[in-house]
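Topology and contacts: notes
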Amino acid sequence: MTRIVKIAAAQSGPIPLGVSRETVVRRLIEKLQAAAADGCDLIVFSECALTPFFPHWWIENEEELDQYYELRMPNPVVQPLFDAAAARQIAFYLGYAELDVAGDRPRRFNTSILVDKAGAIVGKHRKIHLPGHADHRPDNPFQNLEKRYFESGDLGFQTWSTLGGKVGMCICNDRRWPETYRVLALQGAELILLGYNTPDNIPEHPEMDRLVNFHHQLCMQAGAYQNGCWIVAVAKAGVEEGVSQIGLTTIIAPSGEIKAQSQSLGDELVVFPCDLDESIAYRELFDFQANRRPHHYGLIAES
Ligand code: ING
């Protein structure tokens with residue numbers, strides 16, 4: 001038996017400052033319509049898919065900062081995307097900046113949602129691994145202020161039963177940590193979805209610049225193979241407000257092989273029919289029940 005999920009990884013080109021949310025949503029709907037016309041079951045958008053990646057610059061004024069966040073999801077500006085998806089019965093992953101004002105203090109998260117073919121939000125992830133710094137580094141060509149603009153996610157890594165399988169989510173820097181894939185795979189994840197904004201240079205480590213693309217692929221190919229799952233990773237690519245970001249939107253099989261990858265730094269659909277049953281053989285090779293021995297690994301504090 002095969003459980004094919006035809007997936008469109010919807011790479012986004014830059015979103016310039018000053019472009020309205022409505023305009024961005026229209027761009028997302030265009031990609032969704034193309035994916036649906038191609039018979040896709042799922043379209044995956046990027047991290048912070050509605051706005052420029054604002055952690056790349058210093059923002060003092062809280063009101064100015066707030067404009068990049070969504071108070072509710074869906075909301076009137078994003079609703080047309082939900083409507084277009086439900087009308088075409090295509091599920092989607094959407095990354096955005098979340099401002100949660102329901103509690104005793106405002107909380108800010110780098111968030112993604114999974115919406116099923118009926119247009120219902122079935123899952124939510126809040127990015128756990130926040131890279132970069134909270135201090136202003138004016139000598140750097142750009143900032144990475146996720147530690148200043150977001151809290152670490154408080155929802156853990158979760159999976160949801162949809163699209164005929166077990167689906168997990170993460171966001172950007174989460175993909176560089178082996179725990180992400182293992183914690184999801186221990187919950188049965190067969191397909192892991194993620195978006196990212198990844199500069200093609202690291203100001204503090206110029207010696208790594210030549211390895212940015214290699215490291216991006218390495219962590220996901222290893223994660224896919226060692227955990228027997230599909231990985232769909234979607235870039236916000238190109239030069240966005242002066243920051244040059246990688247593309248390499250990629251669909252990776254449980255074998256660890258790259259099955260499809262973007263060729264541009266703009267809006268581009270990368271489509272592949274993912275057979276979720278391909279994970280079975282690798283889950284036999286990496287049989288967590290039969291082969292993993294956590295109690296033999298030695299005592300690791302806070303493991
Ligand atoms: N961006 C980058 C990422 O994890 C980074 C930050 C780049 C960290 C390269 C380490 C090395 O892809 C986000 N938004 O997490």
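Residues numbered from 1 in each chain as written. Predicted model: local features only at pLDDT ≥ 70, side-chain atom pairs only at ≥ 80, totals over all residues. Heavy atoms only, no water.

Details of the packing of helix α1 (residues 21–37) against helix α3 (residues 79–87)
Basically, it comes down to this: In this analysis, axes come from line fits to C-alpha atoms, helices being fitted only over the stretch in contact, and the angle between any two N-to-C directions falls in the range 0 to 180 degrees. Labels follow the DSSP assignment, with helices taken as runs of H or I lasting at least four residues and strands as runs of E lasting at least two, numbered in each case from the N terminus. Any angle from 65 to 115 degrees is called roughly perpendicular, while one under 35 is roughly parallel, one over 145 is roughly antiparallel, and all others are oblique. For this analysis, residues touch if any pair of their heavy atoms sits within 4.5 Å. In the scheme used here, Gly and all other residues not listed as nonpolar or charged are polar, with Ala, Val, Leu, Ile, Met, Phe, Trp, Tyr, Cys and Pro taken as nonpolar and Asp, Glu, Lys and Arg as charged.
The interhelical angle for the contact between α1 and α3, taken along N-to-C directions, is 10°, at an axis separation of 9 Å. With respect to their mutual orientation, α1 and α3 come out roughly parallel. In this structure, α1 uses Val 25, Leu 28, Ile 29 and Leu 32 to contact α3, whose residues at the interface are Pro 80, Leu 81, Ala 84 and Ala 85. Residues belonging to the contact of α1 with α3 are distributed by class as follows: eight nonpolar, no polar and no charged.

Considering the state of the cysteines
Our working definition: Pairs of cysteine sulfur atoms within 2.5 Å are identified as disulfides in what follows.
Going through the model one piece at a time under the given rule, you end up with zero disulfides. Of the cysteine sulfurs around Cys 229, a residue in no disulfide, the closest is that of Cys 170, at 9.5 Å.

Some points on the site of the ligand
Cut-off, in case you're wondering: When we say a residue is near a molecule or strand, we mean one of its heavy atoms is within 4 Å of it. Polar contact is defined as a pair of N or O atoms within 3.5 Å, subject to the rule that within protein one atom must be able to donate a hydrogen and the other to accept it, and that residues adjacent in sequence are counted only when both atoms are side-chain atoms. Methods summary: accessible areas were calculated by the Shrake-Rupley approach with a probe of 1.4 Å, and residue burial reflects only the protein chains presented. A pocket, in this scheme, is an open set of points on a 1 Å grid over the protein atoms alone with protein on both sides within 12 Å along at least 5 of 7 lines, while a cavity is a set where a 1.4 Å probe fits but cannot get out; residues line either one if an atom lies within 4 Å of a point. Pocket occupancy is defined atom-wise: a molecule lies in a cavity or pocket when more than half of its atoms are within 2 Å of its grid points.
With respect to spatial proximity, 13 residues lie near the ligand, and among them Cys 172, Asn 173, Arg 176, Asn 197 and Thr 198 are the closest. The side chain of Glu 47 places a nitrogen or oxygen atom 3.5 Å from a nitrogen atom of the ligand. For the ligand, an oxygen atom lies 3.1 Å from a polar atom in the side chain of Arg 175. Notes on the ligand: free accessible area 360 Å², of which the protein chains cover 85%. Under a 2 Å grid-point criterion requiring more than half of the atoms, the pocket assigned to the ligand is the largest pocket. Taken together, the residues of the shell around the ligand sort by class into four nonpolar, four polar and five charged.

Comments concerning the nonpolar core
Operational definition: We call a set of buried residues a nonpolar core when its members are Ala, Val, Leu, Ile, Met, Phe, Trp, Tyr or Cys and they connect through side-chain atoms within 4.5 Å of each other. Any residue under 20% of the maximum accessible area for its type is buried, any over 50% is exposed, and the rest in between are partly exposed; the area is computed with a 1.4 Å probe on protein chains only.
Ranked by size, the top nonpolar core spans 45 residues in total, and within it Leu 42, Leu 191, Leu 193, Ile 231 and Val 232 carry the most contacts. Top contributing element to this core by residue count: strand β9 (residues 230–235), with six residues. Membership of the second largest hydrophobic core comes to 26 residues, among which are Ala 10, Val 25, Leu 32 and Cys 40.

Focus on the pairing of β9
Threshold: DSSP-based pairing: two strands are paired if at least 2 bridges between them are found. Viewed with both strands pointing away, a crossover whose connecting path from the first strand over the helix to the second turns clockwise is right-handed.
Within β9, six of the six residues are buried, which leaves the element mostly enclosed by the surrounding structure. By the bridge criterion, six bridges tie strand β8 (residues 191–196) to β9 in an arrangement that is parallel. Each bridged residue has a counterpart across the sheet, and for Leu 193 the counterpart in β9 is Val 232. With helix α6 (residues 212–227) bridging β8 and its parallel neighbour β9, the resulting β-α-β unit is right-handed. Bridge count for β9 against strand β12 (residues 250–252) is three bridges, and the pairing is antiparallel. If you follow Ile 231 over to β12, its bridge partner there is Ile 252.

Overview of the side chain of Asp 275
As a reminder, the rule being used: In this tally, Asp and Glu contribute negative charge and Lys and Arg positive charge; neither His nor the terminal groups of the chain are included. By definition, a salt bridge exists where a carboxyl oxygen of Asp or Glu is found within 4 Å of a side-chain nitrogen of Lys or Arg.
Mapped onto the fold, Asp 275 is located in strand β14 (residues 268–275). Salt bridges are absent for the buried Asp 275, whose nearest opposite-charge side chain, Arg 3, sits at 5.8 Å. Discounting residues that sit within four places of it in the chain, Asp 275 has contacts with Thr 2, Arg 3, Ile 4 and Trp 230.

Some details on the sheet that holds strand β3 (residues 91–100)
Read across the sheet, six strands follow the order β5-β4-β3-β2-β1-β14 without closing on themselves; strand pairing throughout is mixed. Among the strands making up the open sheet, the edge pair consists of β5 (121–126) and β14. Each strand of the sheet is rotated relative to its neighbour by a mean of 30°, with strand direction disregarded. Bridge count for β3 against strand β4 (residues 107–115) is nine bridges, and the pairing is antiparallel. Across the sheet, Tyr 96 pairs through a bridge with Thr 111, a residue of β4. Sheet strands touched by α3: β3, β4 and β5. Its angle to β3, the strand with the most contacts, is close to 160°.

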